[in-house]
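Structure at a glance
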Amino acid sequence: AANQGLWEIELARGWAPWTPPVSAQAFGPDAGPIRYAFGKTEFEAVFETPTSGVQRNLITGTTRAIRKVGGGVDERARPPVADSDGVQ
């Protein structure tokens with residue numbers, strides 16, 4: 001089945017598109033942290049549910065909420081976010 005919905009990240013200006021580093025089908029609490037680099041910056045994504053989690057900049061420690069919208073996603077689950085620099 002095709003993966004429905006789009007991923008977003010919560011920035012200071014609001015929600016923006018976010019491209020997951022790996023297949024969204026692997027996301028969820030049992031997947032563990034997913035580490036990846038964007039340019040020279042390293043990030044870690046931790047998924048609390050298959051449709052929500054937190055991205056952390058491993059250099060600055062900045063965290064941002066990530067969520068999947070559309071495809072019947074429950075958008076009420078949003079983890080807390082610290083606002084700062086270091087956006088993916």
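Here the structure is a predicted model, which means the values were calculated and not measured. The residue numbers shown here count from 1 along each chain, following its written sequence. Where local features are concerned, this predicted model is filtered to residues with pLDDT of at least 70; where side-chain atom pairs are given and counted, the filter is 80 or more; whole-chain, interface and lining totals use all residues. The basis for every side-chain value is the complete set of heavy atoms in the structure, and neither hydrogens nor water enter the calculation.

Turning our eyes to something else, we now look at the packing of aromatic side chains. Aromatic rings from Phe, Tyr and Trp, with only the six-membered ring used for Trp, were paired whenever their centres fell within 6.5 Å, and each pair was classed as stacked if the ring planes differed by under 30 degrees, edge-to-face if by over 60, and tilted otherwise. Within this structure, the stated rule accounts for 4 aromatic pairs. When the centroid spacing of 5.7 Å and the interplanar angle of 20° are considered together, the rings of Tyr36 and Phe43 count as stacked. Connected via pairs of aromatic rings, a cluster forms that spans Trp7, Trp18 and Phe47. Two limits define a charge over a ring: the Lys NZ or Arg CZ must be within 6 Å of the ring centre, and within 35 degrees of the ring normal. The ring of Trp15 carries Arg67 above its face, with NZ or CZ at 3.8 Å from the centroid.

Turning our attention to the nonpolar core. By nonpolar core is meant a set of buried Ala, Val, Leu, Ile, Met, Phe, Trp, Tyr and Cys residues that side-chain atoms within 4.5 Å join together. To sort residues, take the accessible area from a 1.4 Å probe on protein chains only and compare it with the maximum for the residue type: under 20% means buried, over 50% means exposed, and anything in between is partly exposed. Listed in full, the 11 residues of the largest apolar core are Trp7, Ile9, Leu11, Ala16, Trp18, Ile34, Tyr36, Phe43, Ala45, Phe47 and Ile66. Put simply, DSSP marks the helices as runs of H or I at least four residues long and the strands as runs of E at least two long, and each gets a number from the N terminus on. Elements supplying a minimum of two residues to this core: β1 (6-11), β3 (34-38) and β4 (41-49).

What follows is about the sheet that holds β1. Each pair of strands is called paired provided DSSP finds at least two bridges between the two strands. Strand order in this open sheet of 6 strands is β2-β1-β6-β5-β4-β3, and the pairing throughout is antiparallel. The open sheet has two edge strands with one neighbour each: β2 (14-17) and β3. Each strand of the sheet is rotated relative to its neighbour by a mean of 30°, with strand direction disregarded. Here an angle of 0 to 180 degrees is reported between the N-to-C directions of two axes, which are lines fitted to C-alpha atoms, with helices fitted over the stretch in contact.

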